[in-house]
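Understanding the architecture of this molecule
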Amino acid sequence: MKNVRSYEIVEYLKGKKYCTIPELREKFQVSNATIHRDLASLESRGVIRRMRGGVALGGKRPELPVSTAFQERLNWHSREKQLIAEEAFTRIEEGDILFLDSSTTVLLLARKLLESQFSNLTIVTNAVSIIQDFQKFPAHYVLIGLGGTYDMQLNAFLGQSTMRELEQLSISKAFISAFGLSDETVTTNHEKHFALMLKLMEMAGQRILLLDRSKFDRKGLFRFASRQAFDEIISG
C-alpha cells in the first residue's frame, strides 16, 4: 500500500506542481505521521523536495550552465546597477504582475524582492537565475517561469515556446534592460531577445527600462523600441 500511495503522490504532484502537506493528507486520507513518512521516503530518493509549507516535484534543482560572459556582466558597473535596482524597487506596488527580464541589472532587482513584504505579487520571467532563486522568495509569491530554448549567452529561455506562453498572460509592469540606447532608439544584439522585447512592449501596462551608463550612446543590431515608448528610464 505504501508503494502504491507513493506512486499516487508523485502522480498528483505532476498535475499540481506544488501542494501543502495538509492538502496531501486530506487527499490520501492518512494521518499526519503517515504522510510525513511517505514524503521523507520520496525526498530521500530525490523524487520530491520540501519547501516552506509544502512540497514540490523533483529533488534539488539541476543547475543549468551559466556562461562566463554572463557572470562577468554581473560585476560590470555593479555599484551603479545596484543603485538602479534600488530605485526600480520603489516602482513596485501591491498586486503587481511583473515581468523581469534576464539582464544582470534586473537580476539585482529580483534579489531586492527576496526580503520584500508584499502580500500579493506575481513574477513572470524567462531568466534562469531568477527561476533558480525563487525558492528563497516569500512562499506566497507566485512565479511563472517561461519555458523555451535555453540560451547560454543570456542565461534565459527564448524562442517560440517562450512567446506562446507570454501571450497568454497579463503584465502590469515590465522591467527590462537592453544592449544600448542611441539616437533615441533602444536596441539588442540578439534576434530572439528582440522578438520577446517587441511582444513585451506591445502587451505590458508599464514599460520600465533599466540602463547603466555603459549602455548610453551604444547601438545594437536590432531596434525594438524608441526611447519615448518607455514609461520611465532608470539609470545611474
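Placed above this text is the structure.
1. A few points about the packing of helix α5 (residues 78-89) against helix α6 (residues 104-112)
The contact between α5 and α6 brings their axes to 8 Å, and the two run at 55 degrees. Looking at the two axes, α5 sits oblique to α6. Crossing angle aside, the handedness with which α5 passes α6 is right-handed. Here α5 contributes Ser78, Lys81, Gln82, Ile84, Ala85, Glu86, Ala88 and Phe89 to the contact with α6, which in turn contributes Thr104, Thr105, Leu108, Leu109 and Lys112. The residue makeup of the contact of α5 with α6, split by class, is six nonpolar, four polar and three charged.

2. A closer look at the sheet that holds strand β4 (residues 97-100)
Neighbouring strands of a sheet are bound in pairs by backbone hydrogen bonds; such pairs are parallel or else antiparallel. A sheet is described by the order of its strands in space; here six strands give the open sequence β6-β5-β4-β9-β12-β14, paired in parallel fashion. What marks the edges here is a single partner per strand, and that holds for β6 (142-145) and β14 (232-235). On average, adjacent strands in this sheet sit at an angle of 20 degrees to one another, irrespective of strand direction. Summarising the sheet, strand β12 (residues 206-211) and β14 pair through four bridges and their orientation is parallel. The residue of β14 that forms the bridge with leucine 209 is isoleucine 233.

Calculation criteria
- Residues numbered from 1 in each chain as written.
- Predicted model: local features only at pLDDT ≥ 70, side-chain atom pairs only at ≥ 80, totals over all residues.
- Heavy atoms only, no water.
- Axes fitted to C-alpha atoms, helices over the stretch in contact; angles between N-to-C directions.
- Helix = DSSP H or I, 4+ residues; strand = E, 2+ residues; numbered from the N terminus.
- Parallel < 35°, antiparallel > 145°, perpendicular 65-115°, else oblique.
- Left-handed = near helix turned anticlockwise from the far one by under 90°.
- Contact = heavy atoms within 4.5 Å.
- Nonpolar A, V, L, I, M, F, W, Y, C, P; charged D, E, K, R; others polar.
- Pairing = 2+ DSSP bridges.

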